[in-house]
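# Descriptive structure summary
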Amino acid sequence: MAGMGDRAAIIGAGPAGLAAGAALKAAGVPFTIYERHGDVGGLWDIDNPGTPVYETAHFISSRTLSGFDGFPFPDDYPDYPGRRQVLDYLRAFAERHDLRPHVATGHELARAEPLADGGWSLEFTGGRADLARWLVAANGHLWEPNLPAYPGEFHGEAYHARDYRSPEQLWGRRVLVVGGGNSGVDIACDAATAASGAAISLRRGYWFVPKHVFGVPADVIGHGGPTLPPWLERRVIGLLLRLTVGDLRRYGLPKPDHQPLSSHPILNSQLLHFLAHGDVAARPDVAE
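To keep things clear, this report deals only with the structure shown in the data block.

The rules behind these values
- Residues numbered from 1 in each chain as written.
- Predicted model: local features only at pLDDT ≥ 70, side-chain atom pairs only at ≥ 80, totals over all residues.
- Heavy atoms only, no water.
- Phe/Tyr/Trp six-rings, centres within 6.5 Å; stacked < 30°, edge-to-face > 60°.
- Helix = DSSP H or I, 4+ residues; strand = E, 2+ residues; numbered from the N terminus.
- Lys NZ or Arg CZ within 6 Å of the ring centre and 35° of its normal.
- Pairing = 2+ DSSP bridges.
- Axes fitted to C-alpha atoms, helices over the stretch in contact; angles between N-to-C directions.
- Contact = heavy atoms within 4.5 Å.

Our next topic: the packing of aromatic side chains. Scanning the entire structure with this criterion turns up ten aromatic pairs. Seen from their ring centres, F59 and F73 are 5.7 Å apart, and the 75 degrees between their planes marks the pair as edge-to-face. Residue F59 is located in the loop between β2 (31-35) and α2 (63-66), and its partner F73 is located in the loop between α2 and α3 (83-96); the two are separated by 14 residues in the primary sequence. Each residue in the set W44, F59, F68, F71, F73, Y77, Y89 and F93 is aromatic and connected to the rest through ring pairs, giving one cluster. Cation over ring: R36 sits above W143, and NZ or CZ is 4.8 Å from the ring centre. Over the ring of Y251 we find R250; its NZ or CZ atom is 5.5 Å from the centre of that ring.

With that settled, the discussion passes to the sheet that holds strand β3 (residues 103-105). An order of β3-β2-β1-β7 is seen for the four strands of this open sheet, with the pairing classed as parallel. Every other strand in the sheet has two partners, leaving β3 and β7 (134-137) as the edge strands with one partner each. Taking each pair of neighbouring strands and ignoring which way they run, the sheet shows an average axis angle of 20 degrees. As paired elements, β2 and β3 share three bridges and run parallel to each other. When the sheet's bridge partners are listed, E35 is paired in β3 with T105. Its contacts with the sheet place helix α1 (residues 15-27) against β1 (8-11), β2 and β7, and it is angled at close to 170 degrees to β2.

Structure (structure tokens):
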């Protein structure tokens with residue numbers, strides 16, 4: 001077992017782990033990034049086992065506001081980069097800060113225990129053990145699926161969005177997507193063009209934010225606007241969405257049951273298009 005010293009252990013070589021490594025390196029703190037996969041990139045590497053990223057995945061925030069501090073996305077990237085571009089960007093960041101020599105790939109953390117005199121004892125699958133003064137958990141929160149349980153029986157194929165990879169899985173099939181998260185609406189849009197029938201089930205109403213407002217990424221508009229009191233900001237955004245998106249009940253969707261910004265919105269411009277053209281049908285919550 002290696003000595004503790006004044007070292008930090010970072011668990012995960014995704015965006016957060018790489019950012020932590022760059023910050024520690026700038027501060028002169030020795031560190032090791034432990035990554036269970038064979039390369040950096042985290043969930044944006046579609047070859048990373050268990051990643052929830054699918055072939056058609058794109059950022060839901062713009063490249064303008066999504067880059068690391070001091071390392072913007074390339075100017076020739078689109079407003080909303082796709083998964084391959086995001087992965088290339090993350091690996092370019094690792095190269096820029098010379099982080100690869102600090103990355104130990106193929107090391108999956110099995111156990112981490114605080115020591116009585118400070119620091120951490122680390123155990124990895126495969127038998128490796130280590131000590132660190134500080135532990136940075138950058139293992140992500142989107143790896144474990146959360147599946148609902150419904151009464152009744154279903155004899156078709158059912159799986160979590162984490163197990164979705166490409167529209168080929170949906171080709172020629174009748175598909176119901178349950179849930180209004182941004183992955184769910186993306187997959188419903190894939191189903192609109194690949195499946196023989198597509199529907200999306202929502203248990204509540206959501207605010208839909210178009211990815212562009214007046215030809216500019218929506219988050220850039222929001223970031224560049226005046227600072228308003230929260231109550232006034234919610235009213236202004238609600239009015240703007242009513243003007244640009246309209247009444248969602250026209251598409252068969254429920255009316256939002258909350259104020260704008262009080263819950264994560266759906267950033268998607270395609271689903272409403274497919275609903276308006278009948279390529280996706282809106283359904284209420286699943287009962288059984």
